[in-house]
Amino acid sequence: KNDEKLISFVLSDGDNVQWLMLNFCQGDEGKFYWGDPYRGKLPFGWTIPAVDLLQLCPYTLDFLRDSQIAADDFILYGGGYFYPDLFGVDRNRMKCLEGHARRIRKYMKHCGLKLILFNSMDWDSSSALEAYEVYANEIPELEGILTVQYAPYAAGGGQIRWVGTRRKNPIPVVSAKYAIWGDRGNDPLENSPSAIAKSISHWAETAARSAEDRFAWVIVHAWSWFRDPTFARDQALSESVPPDLITKDDSSIARGYRPAYWCAQMMADSVRVVKPIELIQ
């Protein structure tokens, strides 16, 4: 629809192999992530360390594949913990980047992954764009790159760059427009579920100056705790919950998937939530 804007939610920290093997799937905190009973009510992007898991614990990938439902979308988180704009700076940088891209391509093909999320120190610096270009050219199956900046995550404000000069068609590098993240003060780009829903709704009401203005994505900080916005409002409580005040048997408090669901329920009707791969396509 001409007046419709599309948005995706993506969970952070999917490069954490130990977490993915344990509390992400099940364990004490699985109910906030893959085991959230609300999973499936919202199209959602899950970042995963597919390269590492295939080497260290393929059973976890088997579990995720076998329990995946239609609303779930998997994204490779980087292919290891590194910053693409700093990778290889003290060596033959292009050789390092090309070699890494070729290696992770094999794993991405094996897992059927079409997207990468990169965490850069400076998301659109010349060195970051140089790195994105290499991955776009060396991984023909790659359809898009999502990017956050180390601090703040939403530094790019949803801006898009295009890379892949050796491809028939370039692919988009899409920076995070918003972040659901606790204790960020009054930052309109990084805040609580209700505050980000308000920012998204304002964005939805703003006329698009270009086709690219109709697409955005939200990074959901995996470790931030929140109260259900409705409960917080009714009880005159803060939506963001400091870790030292967490009571894990309190059903009104959650992190991970549920805060994204709360945010989506409060957005303007003109916003449609889609999986990240659909947003990119």
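Use the structure listed above.
Let me begin by describing the structure that accompanies this report. (Residues numbered from 1 in each chain as written. Predicted model: local features only at pLDDT ≥ 70, side-chain atom pairs only at ≥ 80, totals over all residues. Heavy atoms only, no water.)

The helix and strand tally for the protein chain stands at nine helices and 14 strands. Along the three orthogonal principal directions, the C-alpha set of the protein chain runs to about 55 × 45 × 35 Å. The long-range share in the protein chain, meaning contacts at least 24 apart out of those at least 6 apart in sequence, stands at 76%. Here the protein chain displays about 13,000 Å² of accessible surface, and carbon together with sulfur accounts for 48% of that area. (Helix = DSSP H or I, 4+ residues; strand = E, 2+ residues; numbered from the N terminus. Contact = heavy atoms within 4.5 Å. Areas by Shrake-Rupley, 256 points an atom, 1.4 Å probe, with all protein chains shown as cover.)

Of all hydrophobic cores here, the largest spans 71 residues; its most connected members are Ile7, Phe9, Phe24 and Ile200. Setting aside chain neighbours within four positions, we find Ile7 in contact with Tyr178, Ile200, Trp203, Ala216, Trp217, Val218, Met267, Val271, Arg272, Val273, Val274 and Leu279. The next biggest cluster of nonpolar side chains, apart from the first, holds 20 residues, and it includes Ala179, Trp217, Ile219 and Val274. (Core = buried A, V, L, I, M, F, W, Y, C linked by side-chain atoms within 4.5 Å. Buried < 20%, exposed > 50% of the residue type's maximum accessible area, 1.4 Å probe, protein only.)

Let's shift gears to the packing of aromatic side chains. Counted under the stated rule, the structure contains 21 aromatic pairs. Summarising the aromatic geometry, the rings of Trp34 and Phe74 are spaced 5.6 Å apart at their centres and angled 25° between planes, so their arrangement reads as stacked. Of the two residues, Trp34 sits in the loop between helix H1 (17–21) and strand E2 (44–48) while Phe74 sits in strand E3 (residues 72–77), which places them 40 residues apart along the sequence. The exposure class assigned to Phe74 is buried, which follows from its relative accessible area of 13%. By the ring-pair criterion, three or more aromatic residues cluster together here, those being Trp19, Phe24, Tyr33, Trp34, Phe44, Trp46, Phe74, Trp223 and Tyr257. (Phe/Tyr/Trp six-rings, centres within 6.5 Å; stacked < 30°, edge-to-face > 60°.)

On the surface, Tyr81, Leu86, Val89, Met121 and Tyr150 cluster together into a nonpolar patch covering about 520 Å² of accessible area. Tracing the backbone shows Tyr150 in the loop between strand E5 (144–149) and strand E6 (160–163). For Tyr150, a relative accessible area of 44% gives the class partly exposed. (Patch = residues over 30% accessible without salt bridge, like charges linked within 9 Å, V, L, I, M, F, W, Y side chains within 5 Å. Salt bridge = Lys/Arg side-chain N within 4 Å of Asp/Glu carboxyl O.)

Within strand E1 (residues 5–11), seven of the seven residues are buried, which leaves it mostly tucked inside the rest of the structure. Covered by surrounding structure in E1 are Lys5, Ile7, Phe9 and Leu11 together with Leu6, Ser8 and Val10, the residues of both alternating faces. Pairing analysis gives six bridges linking E1 to strand E10 (residues 215–220), with the strands arranged parallel. Counterpart to Ile7 in the pairing with E10 is Ala216. Alignment of E1 against E2, held across two bridges, turns out to be parallel. When the sheet's bridge partners are listed, Leu11 is paired in E2 with Trp46. (Pairing = 2+ DSSP bridges.)

Bear in mind that shape data such as this cannot, by itself, settle questions of function.
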